[in-house]
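Coordinate analysis (summary)
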Amino acid sequence: MNNYRMWAYALIATGFINWDYQRAQQNVTIHSLLIIVPGAILLGITFSKALSAHLQRSWAKYFWGAIGIAALAYAFIN
């Protein structure tokens with residue numbers, strides 16, 4: 001579970017860093033929230049006992065890995 005929390009914190013931190021560095025750009029809020037929201041959802045799931053049990057399945061690992069990589073790639077490309 002700790003790996004998922006660290007992954008979520010990384011997404012949230014990257015989203016806020018993106019927000020800070022690109023604050024002069026138009027629509028920076030939307031672009032940064034596309035990075036922050038998946039991290040916040042994942043973080044919330046890790047604190048829910050009912051939902052965190054699903055994170056142990058292999059498809060969940062691949063799903064959140066793909067979501068996280070896509071969000072981080074979006075942060076760096078954006």
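Before reading further, recall that the structure is shown in the block above.
Residues numbered from 1 in each chain as written. Predicted model: local features only at pLDDT ≥ 70, side-chain atom pairs only at ≥ 80, totals over all residues. Heavy atoms only, no water.

Moving on to helix α1 (residues 2–21). Between its first and last C-alpha atoms α1 spans 28 Å; for 20 residues at 1.5 Å apiece the expected length is 28 Å, and the two agree. The set of residues buried in α1 consists of Y4, A8, L11, I12, T14, G15 and N18. Buried residues in α1, looked at end-on, bunch into an arc of 160°, giving them a common side. Facing away from the buried side of α1 by over 90 degrees, the exposed positions are N2, N3 and Y21. (Helix = DSSP H or I, 4+ residues; strand = E, 2+ residues; numbered from the N terminus. Expected span 1.5 Å × (residues − 1). Buried < 20%, exposed > 50% of the residue type's maximum accessible area, 1.4 Å probe, protein only. Arc of directions from axis to C-beta.)

What follows covers the pattern of salt bridges. Within the structure shown, the criterion is met by 1 salt bridge. Between R23 and D20 there is a salt bridge whose closest N-O contact spans 3.2 Å. By relative accessible area, which is 39% here, D20 ends up partly exposed. (Salt bridge = Lys/Arg side-chain N within 4 Å of Asp/Glu carboxyl O.)

This part covers the packing of helix α2 (residues 28–47) against helix α4 (residues 58–77). Close contact between α2 and α4 brings their axes to 9 Å; oriented N to C, the two are set at 155°. In terms of orientation, α2 and α4 fall into the roughly antiparallel class. The interaxial crossing formed by α2 with α4 has left-handed handedness. Packed against α2, whose contacting residues are H31, L34, I35, P38, I41, L42 and I45, the element α4 presents W64, I67, A71, Y74 and A75 at the interface. Classifying every residue of the contact of α2 with α4 by side-chain character gives 11 nonpolar, 1 polar and no charged. (Axes fitted to C-alpha atoms, helices over the stretch in contact; angles between N-to-C directions. Parallel < 35°, antiparallel > 145°, perpendicular 65-115°, else oblique. Left-handed = near helix turned anticlockwise from the far one by under 90°. Contact = heavy atoms within 4.5 Å. Nonpolar A, V, L, I, M, F, W, Y, C, P; charged D, E, K, R; others polar.)

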